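Topology and contacts: notes
Now for the letters of each chain:
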Amino acid sequence: MSEEEIDMENYSQDELFWKESTKEYVQMSDGAELLVYYTKKGSKDKKIILFLPGYATGVFSWSDLWDELYTEYDLYVFESREKNSSKVKWKHKADMNRLGLDVKEIIEHFKFDQNNLFMIGSSFGCSTSARAMAEKWFKPAGIFYNGPSVKFILPRKILWLAYIIPAFILQVIGLPILRLWISIMFPKGFQRQHYHDFIGNANAMRWKKTLSTSRWNALEDYAKVPSKTWITLDPDDSLHTVEFVETILSTIPDSTLVEVPSYKYMHHYPGARKFAEQIKEIIESLE
């Protein structure tokens with residue numbers, strides 16, 4: 001079955017990794033508790049994978065890819081504090097420095113051998129990890145970035161409303177506006193549907209706490225990424241554009257381009273199986 005023939009409205013996932021994984025809340029230095037789920041199936045000579053999903057994405061986004069990776073590697077997925085799973089209060093910050101520090105504290109909590117650590121980031125997960133590495137808080141053996149982001153992309157009017165409107169009102173009127181913007185911004189198809197799905201998982205209070213990240217330009221952080229990095233380029237991605245990717249590619253000192261045919265290819269079968277093989281080959285090149 002080709003990617004085009006997949007009926008996404010009736011698409012179901014096995015979610016094997018999610019079902020088998022251990023779910024653990026890790027307490028951060030500021031008292032917030034953040035979810036990590038993981039399985040340990042890799043041998044001692046295999047790299048450990050730490051996966052940082054994008055902003056507010058849920059299990060559905062990368063589940064098929066995880067199912068292909070977890071059978072060979074110890075796989076850890078870290079859910080950042082804007083996600084519904086986080087246990088945060090108003091007193092807990094969520095600026096870029098705090099989000100980068102969260103990644104550092106997760107690595108320290110699990111006592112990862114950084115020489116054996118392979119990091120996979122997606123979109124916002126790329127820029128938060130870059131923030132941490134710019135501070136020299138860790139240095140993984142290798143990095144794979146899926147559609148890295150430079151700045152948090154939203155219309156300025158939506159951001160302005162988000163700053164001044166209380167969270168409970170933002171939940172009612174702001175998120176529908178954002179859903180409308182997605183319908184305008186992205187052509188009908190898989191990527192638009194994906195973003196509509198994660199809006200359905202949105203929590204206005206958590207999102208409002210991260211608004212300062214919209215003013216952060218991650219290019220200075222990417223310039224300080226210390227590890228060999230591979231970066232995907234999807235020519236049809238309406239959010240992580242070719243221009244963004246090429247700019248980041250030229251900014252990260254030791255980076256290599258990985259071209260992918262479509263957004264769907266990375267996320268769901270049958271493409272996810274081929275995409276996992278590409279990632280495995282990269283990881284094995286570091287062994």
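In this report, we go over the structure that sits alongside the text. (Residues numbered from 1 in each chain as written. Predicted model: local features only at pLDDT ≥ 70, side-chain atom pairs only at ≥ 80, totals over all residues. Heavy atoms only, no water.)

1. Here's the deal with the overall build of the protein
Along its length, the protein carries 12 helices and eight strands. A buried classification covers 57% of the 287 residues belonging to the protein. Partitioning the intrachain contacts of the protein with sequence separation of at least 6 by distance along the chain shows that 79% fall at a separation of at least 24. Carbon and sulfur atoms form 53% of the exposed surface of the protein, whose accessible area is close to 12,800 Å². (Helix = DSSP H or I, 4+ residues; strand = E, 2+ residues; numbered from the N terminus. Buried < 20%, exposed > 50% of the residue type's maximum accessible area, 1.4 Å probe, protein only. Contact = heavy atoms within 4.5 Å. Areas by Shrake-Rupley, 256 points an atom, 1.4 Å probe, with all protein chains shown as cover.)

2. Observations concerning the nonpolar core
Counting 35 residues, the largest nonpolar core has Leu 50, Tyr 145 and Tyr 222 as the members making the most contacts within it. No other element matches helix 4 (residues 124-134), which puts four residues into this core. Not counting residues up to four positions away in its chain, the partners in contact with Leu 50 are Tyr 76, Phe 78, Ile 106, Ile 107, Phe 112, Leu 117, Phe 118, Met 119 and Ile 120. In terms of nonpolar packing, the next biggest core, distinct from the first, is built from 27 residues, Leu 35, Phe 51, Val 59 and Phe 118 among them. (Core = buried A, V, L, I, M, F, W, Y, C linked by side-chain atoms within 4.5 Å.)

3. Focus on the packing of helix 2 (residues 59-69) against helix 12 (residues 271-285)
The packing of two helices is summarised by the inter-axis angle and the distance between the axes. Two numbers describe how helix 2 lies on helix 12: the axes approach to 9 Å, and their chain directions differ by 50°. Compared by their axis directions, helix 2 and helix 12 come out oblique. Seen from above, helix 2 lies across helix 12 with right-handed handedness. Contacts from Trp 62, Asp 64, Leu 65, Glu 68 and Leu 69 in helix 2 reach Ala 272, Arg 273, Phe 275, Ala 276, Ile 279 and Lys 280 in helix 12. Across the contact of helix 2 with helix 12, the residue classes break down as seven nonpolar, no polar and four charged. (Axes fitted to C-alpha atoms, helices over the stretch in contact; angles between N-to-C directions. Parallel < 35°, antiparallel > 145°, perpendicular 65-115°, else oblique. Left-handed = near helix turned anticlockwise from the far one by under 90°. Nonpolar A, V, L, I, M, F, W, Y, C, P; charged D, E, K, R; others polar.)

4. Overview of the pairing of strand 4 (residues 74-78)
In the case of a regular strand, side chains alternate between the two sheet surfaces. With five of its five residues buried, strand 4 lies for the most part within the structure. Alternating residues of strand 4 divide into Asp 74, Tyr 76 and Phe 78 and Leu 75 and Val 77, and every residue in both groups is buried. One ladder, built from four bridges, connects strand 2 (residues 33-39) with strand 4; its direction is antiparallel. Paired with Val 36 across the bridge in strand 4 is Phe 78. Where strand 3 (residues 48-52) lies against strand 4, four bridges are found, and the strand directions are parallel. By the bridge assignment for strand 4, Ile 49 is matched with Leu 75. Handedness of the crossover joining strand 3 and strand 4 through helix 2 is recorded here as right-handed. (Pairing = 2+ DSSP bridges. Right-handed = clockwise from strand over helix to strand, strands pointing away.)

5. A word on the sheet that holds strand 1 (residues 22-27)
Strand order in the open sheet formed by eight strands is 1-2-4-3-5-6-7-8, with mixed pairing between adjacent strands. With partners counted over all chains shown, the strands left at the sheet margins are strand 1 and strand 8 (255-259), one partner each. In this sheet, adjacent strand axes meet at a mean angle of 20° when their direction is disregarded. Summarising the sheet, strand 6 (residues 142-146) and strand 7 (residues 229-233) pair through three bridges and their orientation is parallel. Along strand 7, the bridge assignment pairs Ile 143 with Thr 229. Sitting on the sheet, helix 10 (residues 242-251) is in contact with strand 7 and strand 8, with an inclination near 165° to strand 7.

6. Details of the pairing of strand 2
For strand 2, the buried fraction is high: six of the seven residues fall into the buried class. Direction of pairing for strand 1 relative to strand 2: antiparallel, over a ladder of six bridges. When the bridges of strand 2 are listed, Glu 24 appears paired with Val 36. Count of turn residues in the strand 1/strand 2 antiparallel hairpin: five residues, of which Gly 31 carries a positive phi of about 100°.

7. Here we look at unusual backbone geometry
For the peptide bond that leads from Tyr 269 to Pro 270, omega is 0°, which places it in the cis range. In this model, Glu 15 sits at a positive phi of 50°, which is unusual for a non-glycine residue. Here Glu 15 lies in the segment before helix 1 (16-20).

8. Examining the packing of aromatic side chains
Scanning the entire structure with this criterion turns up 16 aromatic pairs. Among the aromatic side chains, those forming a connected cluster through ring pairs are Phe 17, Trp 18, Tyr 37, Phe 51, Trp 62, Trp 66 and Tyr 70. Residue placement shows Lys 23 over the ring face of Trp 18; its charged tip is 4.3 Å from the ring centre. (Phe/Tyr/Trp six-rings, centres within 6.5 Å; stacked < 30°, edge-to-face > 60°. Lys NZ or Arg CZ within 6 Å of the ring centre and 35° of its normal.)

9. Thoughts on the environment of Ser 127
Along the polypeptide, Ser 127 turns up in helix 4. Taking relative accessible area as the criterion, Ser 127 reaches 3% and is therefore assigned buried. Each C-alpha atom, one on Ser 127 and one on Ala 218, is 5.9 Å from the other, the two residues being 91 residues apart in sequence. What Ser 127 contacts, discounting residues up to four positions off in sequence, is Met 96, Ser 149, Ala 218 and Tyr 222.

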